[in-house]
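Report on the structure
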Amino acid sequence: QVQLVESGGGLVQPGGSLRLSCAASRIIFSIYTMGWYRQAPGKQRELVATITSGGSTNYLDSVKGRFTISRDNAKNTVYLQMNRLRPEDTAAYYCNAKRNSADNSWGQGTQVTVSS
């Protein structure tokens, strides 16, 4: 069973930066599309960014130019660099590994709070 462990969340002031990491195990990491999603209280989970096995990326419009997703296949790790954070970025952030609809796994989540 795929295991995904997120880290790097925390409390940051508006305009600050955080880097989230997601370490994957029990997985042929390089063949998976990896993604970051987030869910704020009372809202649906939304896609923040994805990166394919070939390195193609996709971003939520509101984070374009501020967030960067990357992967290190040698370390089985995907990252989300978040810059110029805003209060509306506050949410639980979840790592996702997907190969197809039947092979789709989630981490436990890490909380990001942007507040002064």
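Structure: above.
Computed from a predicted model, the values in this text were never measured in an experiment.

1. Side note on the overall build of the chain
Counting its secondary structure elements, the chain contains zero helices and eleven strands. Taken over the C-alpha atoms alone, the chain extends approximately 40 × 25 × 20 Å along its principal axes. The buried share among the 116 residues of the chain stands at 42%. When contacts within the chain are restricted to residue pairs at least 6 apart in sequence, long-range pairs at least 24 apart make up 53% of them. Surface exposure of the chain reaches about 6200 Å², of which carbon and sulfur atoms provide 44%. Charged side chains of the chain number 13 positive and 7 negative; the gap between the two group centres comes to 2 Å.

2. Thoughts on the pattern of salt bridges
Tallied over the full model, the rule gives five salt bridges. A salt bridge links D61 to K64, with the nearest nitrogen and oxygen atoms 3.0 Å apart. By sharing partners, the salt bridges in this structure join R38, E46, R66 and D89 into a single network.

3. Focus: the packing of aromatic side chains
The geometry of an aromatic ring pair is captured by two quantities: the separation of the ring centres and the angle between the planes. Scanning all chains against the criterion turns up one aromatic pair. With a centroid separation of 4.9 Å and an interplanar angle of 70°, the aromatic rings of Y37 and W106 are classed as edge-to-face. Here W106 lies in strand β10 (residues 103–106) and Y37 lies in strand β4 (residues 33–39), a separation of 69 residues in the sequence. Overall, W106 belongs to the partly exposed group, its relative accessible area being 35%.

Conventions adopted
- Residues numbered from 1 in each chain as written.
- Predicted model: local features only at pLDDT ≥ 70, side-chain atom pairs only at ≥ 80, totals over all residues.
- Heavy atoms only, no water.
- Helix = DSSP H or I, 4+ residues; strand = E, 2+ residues; numbered from the N terminus.
- Buried < 20%, exposed > 50% of the residue type's maximum accessible area, 1.4 Å probe, protein only.
- Contact = heavy atoms within 4.5 Å.
- Areas by Shrake-Rupley, 256 points an atom, 1.4 Å probe, with all protein chains shown as cover.
- Lys, Arg positive; Asp, Glu negative; His and termini not counted.
- Charge placed at Lys NZ, Arg CZ, Asp CG, Glu CD.
- Salt bridge = Lys/Arg side-chain N within 4 Å of Asp/Glu carboxyl O.
- Phe/Tyr/Trp six-rings, centres within 6.5 Å; stacked < 30°, edge-to-face > 60°.

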